Amino acid sequence: RVSLPNMPKKEENASYQPTRGMGAMSAKTEQMGQEASSDLSAQLSATGMGGVKLKEFAAMGLAAWLFGARTKRKWGFDEALSHWEREGKQKGDPEAARYVGLCYQLGHGCIKDEKQAFNWYLRGAMHGDVLSARFVGSMYERGEGCEVDDEEAMSWFQRAAEGGDIEALRSIGSMIDQGRGAPYDHNEARRHFRAAAMGINFYARDEKSRIAALKLS
């Protein structure tokens with residue numbers, strides 16, 4: 001998992017009470033982390049990325065606020081970006097690579113750059129991050145930072161689903177319903193949408209998921 005910065009010192013944030021590790025956050029810290037997560041989720045959803053959930057941004061939003069708190073600013077995406085780039089390049093941290101991709105896609109701490117975003121998502125995906133894999137698929141689907149490639153999009157969505165990402169099933173269903181990357185099949189598309197809504201992932205390799213998928217069929 002990506003490492004977060006050290007918590008602000010007590011004199012920098014009077015409401016902070018030191019605890020074990022990240023531990024119990026102050027109400028202010030938790031509030032600001034949630035606010036950042038909500039903003040990030042809304043911004044990414046507005047770009048057309050489907051299935052974006054607040055929890056996918058919890059650590060990213062909290063870290064950005066903590067970096068900012070150390071320099072008396074609300075957000076510290078520029079410092080956070082530098083931190084995540086080091087983690088992604090030097091340690092091969094796939095989650096950090098995804099955060100860098102998000103920063104470049106949304107223009108937080110840097111100038112918006114879809115090609116850079118795509119490359120960082122790809123780095124995260126190649127190191128096993130399933131959310132990065134879904135984001136790579138979305139960018140291939142829309143031609144952002146790369147050429148439109150329906151087959152590649154479908155391949156990355158499937159890889160994300162195989163890794164346990166339920167939301168990737170919605171993306172696969174949408175592609176099938178448009179006849180992109182696979183033959184058009186409305187019933188098959190509906191099966192994917194229904195599975196995603198029910199939290200059943202028939203791409204996952206574990207036994208529980210396979211049994212649930214058989215019942216759905």
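About the cut-offs
- Residues numbered from 1 in each chain as written.
- Predicted model: local features only at pLDDT ≥ 70, side-chain atom pairs only at ≥ 80, totals over all residues.
- Heavy atoms only, no water.
- Helix = DSSP H or I, 4+ residues; strand = E, 2+ residues; numbered from the N terminus.
- Buried < 20%, exposed > 50% of the residue type's maximum accessible area, 1.4 Å probe, protein only.
- Contact = heavy atoms within 4.5 Å.
- Areas by Shrake-Rupley, 256 points an atom, 1.4 Å probe, with all protein chains shown as cover.
- Phe/Tyr/Trp six-rings, centres within 6.5 Å; stacked < 30°, edge-to-face > 60°.
- Lys NZ or Arg CZ within 6 Å of the ring centre and 35° of its normal.
- pLDDT = per-residue confidence, 0-100.
- Expected span 1.5 Å × (residues − 1).
- Polar contact = N/O pair within 3.5 Å; in protein donor to acceptor, adjacent residues only side chain to side chain.
- Salt bridge = Lys/Arg side-chain N within 4 Å of Asp/Glu carboxyl O.
- Core = buried A, V, L, I, M, F, W, Y, C linked by side-chain atoms within 4.5 Å.

1. Structural notes on the overall build of the protein
Part 1 of the argument: A tally of helices and strands in the protein yields 10 helices and zero strands.
Part 2 of the argument: Classification of the 217 residues of the protein by burial places 47% in the buried group.
Part 3 of the argument: Partitioning the contacts of the protein with sequence separation of at least 6, the portion at a separation of at least 24 is 51%.
Part 4 of the argument: Carbon and sulfur atoms provide 49% of the accessible area of the protein, an area that totals close to 10900 Å².

2. Comments concerning the packing of aromatic side chains
Part 1 of the argument: One pass over the full model with this rule turns up four aromatic pairs.
Part 2 of the argument: Between the NZ or CZ atom of R123 and the centre of the ring of W120, over which it lies, the distance is 4.5 Å.
Part 3 of the argument: Here R191 stacks its cationic end above the ring of F202, 4.1 Å away from the centre of that ring.

3. Re the confidence of the model for the protein
Part 1 of the argument: Summing up the model confidence of the protein, the mean pLDDT is 80 and the portion of residues at 70 or higher is 77%.
Part 2 of the argument: Confidence drops under pLDDT 50 across residues 1-24; counting only partners more than four residues distant or on other chains, this segment forms 40 contacts.

4. Some words on the side chain of D165
Part 1 of the argument: Residue placement: D165 occurs in the loop between α7 (150-162) and α8 (167-178).
Part 2 of the argument: Overall, D165 belongs to the buried group, its relative accessible area being 6%.
Part 3 of the argument: In contact with D165, other than residues within four places in its own chain, are V130, L131, R134, A160 and N201.

5. Some remarks on helix α4 (residues 94-106)
Part 1 of the argument: Helix length check: α4, at 13 residues, gives a terminal C-alpha distance of 18 Å against a target of 18 Å (1.5 Å per residue), a fit within 8%.
Part 2 of the argument: Among the 13 residues of α4, 12 are classified as buried, and the element is accordingly described as predominantly covered.
Part 3 of the argument: Taken together, the buried positions of α4 are E95, A96, A97, R98, Y99, V100, G101, L102, C103, Y104, Q105 and L106.
Part 4 of the argument: Two or three places before E95, at the start of α4, stands the capping residue D93, its side-chain oxygen 3.0 Å from that residue's backbone nitrogen.

6. With respect to the environment of Y104
Part 1 of the argument: Within the fold, Y104 resides in helix α4.
Part 2 of the argument: Judged by relative accessible area, which is 13%, Y104 ranks as buried.
Part 3 of the argument: Along the backbone, Y104 and K115 are 11 residues apart, and their C-alpha atoms lie at a distance of 8.5 Å.
Part 4 of the argument: With near-sequence residues (within four places) excluded, Y104 lies in contact with L81, E85, C110, I111, K112, D113, Q116, A117 and W120.
Part 5 of the argument: Reaching out from Y104, the side chain makes a polar contact with the side chain of E85 at a distance of 3.2 Å.

7. Details of the pattern of salt bridges
Part 1 of the argument: Evaluated as defined, the whole model comprises eight salt bridges.
Part 2 of the argument: The partner of K91 in a salt bridge is E87, with the nearest N and O atoms 3.2 Å apart.
Part 3 of the argument: Classification of E87 by relative accessible area gives buried; the value is 9%.
Part 4 of the argument: Here E167 makes a salt bridge to R170, at a shortest N to O gap of 2.8 Å. Within this pair, E167 and its partner R170 are both found in helix α8, separated by three residues, close to a single helical turn.

8. Details of helix α2 (residues 58-70)
Part 1 of the argument: With 13 residues, α2 should cover 18 Å at 1.5 Å per step; its first-to-last C-alpha distance of 19 Å lies within 8% of that length.
Part 2 of the argument: The buried fraction of α2 is high, at 10 of 13 residues.
Part 3 of the argument: The complete set of buried residues in α2 reads M60, G61, L62, A63, A64, W65, L66, F67, G68 and A69.

9. Observations concerning the nonpolar core
Part 1 of the argument: In terms of nonpolar packing, the biggest core is built from 49 residues, with M60, W84, L102 and Y121 touching the most fellow members.
Part 2 of the argument: No other element matches α4, which puts eight residues into this core.
Part 3 of the argument: Other than its neighbours up to four places away in sequence, M60 contacts L40, F77, W84, Y99, L102 and C103.
Part 4 of the argument: Within the second largest apolar cluster, five residues are counted, among which are M32, L62, L66 and A69.

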